[in-house]
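The primary structure of each chain is shown beneath.
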Amino acid sequence: MTTRSQRADEDSPTEQTGTPPMLSIEKLAVGVGIGARYLQILDNVDLEVRQGQTVGLVGESGSGKSTLAKTLVGEMPITSGRIRIGGTDVGSMSRAARGGMRRRVQLIPQDPYSSLSPRRTIGQTLAEAIDPRRADARRHREDIHHWLGKVSLETDAAERYPHEFSGGQRQRIAIARALAVKPELVIADEVTSALDLTTQAEILNLLADLREELGLTMLFISHNLAVVRHVSDQVTVLFRGSVVESGDVDRIYDAPGHPYTQQLIASVPGGPAFNLDA
Amino acid sequence: MAKTLNTSNRRRSRFNPALVAGLALMGSMVLVAVLAPLFLTPAAESLTADSRLGPSTAHWFGTDEFGRDILARSLVATRLTLLMSLGATVISVVGGIVIGSSVWLAPRWIREPALRLIEAAVAYPSLIFALLVAAIMSPGSTTAVIAIGIAGIPSFARITANLAASIAHRNYIATARLLGVPGYRIVTRHLLPNMSEPLFVMSASAFALSLLEISSLSFVGLGVQSPQYDFGRLLNEGLIAIFVQPLQVVAPSIMLVITGLAAVLIGDGMASAANPRRAARRLLPTRRNMSTPESVAPASQALLEVDNLKVLGPTGEEIVKGVSFNMKPGEVLGLVGESGSGKSLTAMSIAGLLAEGLTATAHTLRLGDLDLLTTRDSRAMALNIGLVYQDPGSTFNPALRMGPQLTEVSRVHLNQSRQEANATMIAALDEISIQRPELRMTQHPHELSGGMLQRSMIAASTVTEPRLIIADEPTTALDVTVQADVLRKFRRYNQEHGTAILFISHDIGVVQELCDTVLVMHRGRILERLTGAELKDGRAEHPYTRALLSASPSMTGEKGRLRAAQWKPDEELEVTP
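Because the structure is a prediction, the values reported are computed rather than measured. (Residues numbered from 1 in each chain as written. Chains lettered and ligands numbered in written order. Predicted model: local features only at pLDDT ≥ 70, side-chain atom pairs only at ≥ 80, totals over all residues. Heavy atoms only, no water.)

**Q** Any chance you could explain the packing of helix H7 (residues 171–178) of chain B against helix H8 (residues 183–194) of chain B here in plain terms?
**A** The angle between the axes and the distance between the axes are what describe a pair of packed helices. All names here are of chain B. Across the interface, H7 lies against H8 with an axial gap of 11 Å and an inter-helix angle of 175°. As summarised for this structure, H7 and H8 are arranged roughly antiparallel, according to the angle between their axes. Contacts from Tyr172, Ile173, Ala176 and Arg177 in H7 reach Ile186, His190, Leu191 and Asn194 in H8. When its residues are assigned to classes, the contact of H7 with H8 shows five nonpolar, two polar and one charged. (Axes fitted to C-alpha atoms, helices over the stretch in contact; angles between N-to-C directions. Helix = DSSP H or I, 4+ residues; strand = E, 2+ residues; numbered from the N terminus. Parallel < 35°, antiparallel > 145°, perpendicular 65-115°, else oblique. Contact = heavy atoms within 4.5 Å. Nonpolar A, V, L, I, M, F, W, Y, C, P; charged D, E, K, R; others polar.)

So this is what it looks like as structure tokens:
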């Protein structure tokens, strides 16, 4: 715990003067609909993820967590504000450049059951991540086996279909697929919500290992506060589309400043502040 | 539970009677189409002097005005008819799929008008469109195939676009886009393979329709032209002499009906093979296990007594492998475990609500003086047990107002009038701190938040003043702040009314806070019984419970590796709670 926060502290001065943050979001607003039916989902959101860091994004349903993830991967348009990835402004990019940008940001989706096409073998699915045009499982055999090994799956998994795997194994495959693209930024959207406790522990350990090994930069979105505390260096709390608090994870969990953050942290059963008789 | 039901469905043969009959009929028609022209062409096409003969052993259906055998002509016509129908179907299916998927790939400003255009085209009668095409081009078999084929394109394009729209929401499509896969590749790699089943089914129906429309076109004289003939042409020729020689239209009509029937049966058969019926949950009395003796020492002061409860799957395998526990009046008992541990099945057996195909047996299953094994008294069950389900969004009927749904039990089982029931319910809602309960009663479920729906559900489960509330993952679908509020309501209700609560959850944090006693379940067995306080302090004995605790991320900031449970249970392990 201490080593990680120390490293973050040491990094910050050099980061500020040297390379720009991997992801920087400034005054982002996102909405749907037009005219009188316009509905603001995200309002004035600021967020920063530095190289090698994991930033947790917590919030309840309707807070705009998923909308932010969709906006980052280009599935939703920006109403106003700015998203910069590796220093380049996504909004000012041409259509073609944005296509290339897509592979620099990869999303690990929540539901391991609907994120793998049931009619394609794991090898074919991974081949598509390695080479989206040809997706030839035989040509990329070695790469596929490499990535399966990285997520601790046997190489014969490449020949099998998604329904032959458990939820945890499918989530490993989804992680392998996202990493095979060698993205600069990984967005993990509720990756453990559909999993049992022990499987969740396996996946969290795997992410920690991969982070160490590959130096992953990650935006970790979850409604589970304990999981976010476990994996993140920094945390940002969203409430109804706005950031209410952000900063070092230990500071925010131990001494939340905003009343909403206080309420949120006190609501976690098993947490120190939880009281049913209040 | 769902897993077991699925396997039983999968075990059912994919070949149902309709499909077998359809394939057999179509097979014999194809055989006729191949063989008849080889052997029967002379009888069908050479002109003889035997004009307009009645049925005889030589000519079963008689002869036409040129002395040709009608049966032979009908059989030989099968080939042309089938080929034409097939051709038209291929045009409709291929054209429809290409247009449908292009529409899906197109940018939004093209997609929406294109979809409206396709819908308008579907609304326009296809036969009239085909007549138009046939009339403009010179009539003939090729024209008929093209006309009917094109006329069938819009409906297929619409189906493809609709299927694509429903599949497009799945994550693997979004992920493929994110990986930078080109649009047409997404269609061929992900879209088409995943909608092949409904498309096959629709193709069979499209074949039946093409058959009928091509025959109609030939019948009105715009399709096949003499000297070629298909079923429709034969009907057209028979019409002139229908009063003197009715049999001349009967033979092609029979062939037409058989072919159409075969195609429709194949379509229906494929549809039902692709879509296995879902098993519905219904009230099924629990069965007493007669081979085992009664429990010797019943815990007399216990409110709920469960002794050696087993739940068997459709093939007789044990899913819950003999669990025993007692609940004292006013006790809050937690059943905790991962998916597949049998915690929900245990609770549903007590409530008498097992899914179809599952049976429960037990030495004893008793709530107070009510024997839950033998009772078929739904009134006694409703009055003694209150139920709270997991998903507040799907528990209520969205079409009805909250009032009638919430008061159903009091009206049906307590014989209360509407006014009385409403008054009781409003008081119950007020007690569980729902603001403006009178207004809530007149609202529809979608107007209430998830937390409010779940609190209403708790209120409804308490109006009969039951002796036991069974709550199956009641806070799993809720946000954490709402969950804390709902848990407080459970705690307060338990303390004020002394109602026992059987609380099922996968969340160790929740049960350790709420429950007096916790039973840890794994693969159909109770592995450990401990108090909520012991669990909170981490004083667990069983390796599995300890594994669960060490797999839980902590709120207090320890960030070491989580010890994922490596504990593998010995199936023969004798475990006492």
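Moving on from the model shown.
**Q** How do you make sense of the side chain of Arg211 of chain A when you look at a structure like this?
**A** All names here are of chain A. By secondary structure assignment, the location of Arg211 is in helix H7 (residues 197–214). Residue Arg211 is classed as buried on the basis of its relative accessible area of 10%. Within the local environment of Arg211, its side chain forms a polar contact with the side chain of Thr54, the two groups lying 3.3 Å apart. (Buried < 20%, exposed > 50% of the residue type's maximum accessible area, 1.4 Å probe, protein only. Polar contact = N/O pair within 3.5 Å; in protein donor to acceptor, adjacent residues only side chain to side chain.)

**Q** Can you walk me through empty space enclosed by the protein in this structure?
**A** Unfilled space is identified by rolling a water-sized probe across the atoms. All names here are of chain B. One pass over the full model with this rule turns up six cavities of 30 Å³ or more. Size it by volume and the largest cavity reaches roughly 80 Å³. Along its surface, the largest cavity is lined by Ala428, Glu431, Ile432, Ala459, Thr462, Lys489, Arg492 and Tyr493. Of all the elements in the fold, those that place two or more residues in the lining of the largest cavity are helix H17 (418–431), helix H19 (450–462) and helix H20 (480–497). Looking at the lining of the largest cavity element by element, the count peaks at three residues for H20. (1 Å grid on protein atoms, 1.4 Å probe; cavity = no way out; pocket = protein on both sides within 12 Å on 5 of 7 lines; lining within 4 Å. Points joined across faces, edges and corners; volume = space filled by probe spheres on them.)

**Q** When you look at the pairing of strand E1 (residues 23–32) of chain A in this model, what are you seeing that I'm missing?
**A** Moving residue by residue along a regular strand, the side chains alternate between the two faces of the sheet. All names here are of chain A. The element E1 is largely enclosed, with a buried count of seven among its 10 residues. Across seven bridges, the pairing between E1 and strand E2 (residues 39–49) is antiparallel. Following the sheet pairing, Leu23 is matched in E2 by Val49. Counting the residues that bridge the hairpin from E1 to E2 gives six residues, and of these Gly33 lies at a positive phi of roughly 85°. Taken together, the five bridges between E1 and strand E4 (residues 80–85) define a ladder with antiparallel strand orientation. Counterpart to Glu26 in the pairing with E4 is Arg82. (Pairing = 2+ DSSP bridges.)

**Q** Just checking my understanding: could you explain unusual backbone geometry for this structure?
**A** Most peptide bonds are trans, and most residues other than glycine sit at a negative phi. That bond from Ser226 of chain B to Pro227 of chain B is cis: its omega, 10°, falls within 30 degrees of zero. Along the chain, Pro227 of chain B turns up in the loop between helix H9 (196–219) and helix H10 (231–239). For Ser152 of chain A, which is not glycine, the phi dihedral falls at a positive 60°. One can find Ser152 of chain A in the loop between helix H5 (141–150) and helix H6 (167–180). Under the relative-accessibility criterion, Ser152 of chain A is labelled exposed at 55%. Notably, Glu465 of chain B is not glycine yet its phi reads approximately 50°, a positive angle. Structurally, the position occupied by Glu465 of chain B is in the loop between H19 and strand E8 (468–472).

**Q** Where do I start with the interface of chain B and chain A in this structure?
**A** Interface extent is often summarised as the accessible area lost during association of the parts. Each side of the interface is counted separately: chain B has 53 residues, and chain A has 60 residues. Here chain B and chain A share an interface that buries about 4,900 Å² over both sides, 56% of which is from carbon and sulfur atoms. If you sort the residues of chain B by the area they bury against chain A, Leu178, Met555 and Lys559 of chain B come out on top, with a joint share of 18%. Counting across the chain B and chain A interface gives two salt bridges. Note that Asp277 of chain A and Arg491 of chain B form a salt bridge whose closest N and O atoms lie 3.0 Å from each other. Summed over the shared surface of chain B and chain A, the result is 22 residue pairs in polar contact (both at pLDDT 80 or more). (Buried area = accessible area lost by both parts, 1.4 Å probe. Salt bridge = Lys/Arg side-chain N within 4 Å of Asp/Glu carboxyl O.)

**Q** Just to check I follow, could you spell out the pattern of salt bridges for this structure?
**A** Opposite charge on two side chains permits pairing when their charged atoms draw close. Residues and elements named next belong to chain B. For the coordinates displayed, the defined rule picks out 31 salt bridges over all chains. The shortest N-O distance in the salt bridge between Arg52 and Glu65 comes to 3.9 Å. Here Glu65 lies in the loop between helix H2 (17–45) and helix H3 (70–105) and Arg52 lies in the loop between H2 and H3, a separation of 13 residues in the sequence. Arg52 gets classed as partly exposed once you look at its relative accessible area, which sits at 32%.

**Q** How should H20 of chain B be read in this particular structure?
**A** Residues and elements named next belong to chain B. The first and last C-alpha atoms of H20 sit 26 Å apart over 18 residues, in line with the 26 Å expected at 1.5 Å per residue. For H20, the full list of buried residues reads Val480, Thr481, Gln483, Ala484, Val486, Leu487, Lys489, Phe490, Arg491, Tyr493 and Asn494. Taken from the residues just after H20, Gly498 is the one with a positive phi, measuring 65°. (Expected span 1.5 Å × (residues − 1).)

**Q** Is there a simple way to think about the environment of Gly100 of chain B in this case?
**A** Residue and element names in this part refer to chain B. Mapped onto the elements of the fold, Gly100 is located in helix H3. By relative accessible area, which is 0% here, Gly100 ends up buried. With 428 residues separating them in the primary sequence, Gly100 and Glu528 have C-alpha atoms 57 Å apart. Excluding its chain neighbours within four sequence positions, the residues that come into contact with Gly100 are Ala157, Thr160 and Ala161.

**Q** Please explain the sheet that holds strand E3 (residues 332–336) of chain B as it appears in this structure.
**A** Adjacent strands of a sheet pair through backbone hydrogen bonds, lying either parallel or antiparallel. All names here are of chain B. The mixed open sheet is built from six strands, whose spatial order is E7-E8-E9-E3-E10-E11. Looking along the sheet, the strands with just one partner apiece sit at the ends: strand E7 (385–388) and strand E11 (525–531). With direction set aside, neighbouring strand axes in the sheet form an average angle of 20°. Sheet topology places E8 next to strand E9 (residues 500–505); five bridges connect them, and they run parallel. By the bridge assignment, Ile470 is partnered in E9 with Leu502. Packed onto the sheet, H20 meets E3, E7, E8 and E9 and runs at close to 155° relative to E9. Here helix H23 (residues 543–551) sits on the sheet in contact with strand E10 (517–522) and E11, set at roughly 95° to E10.

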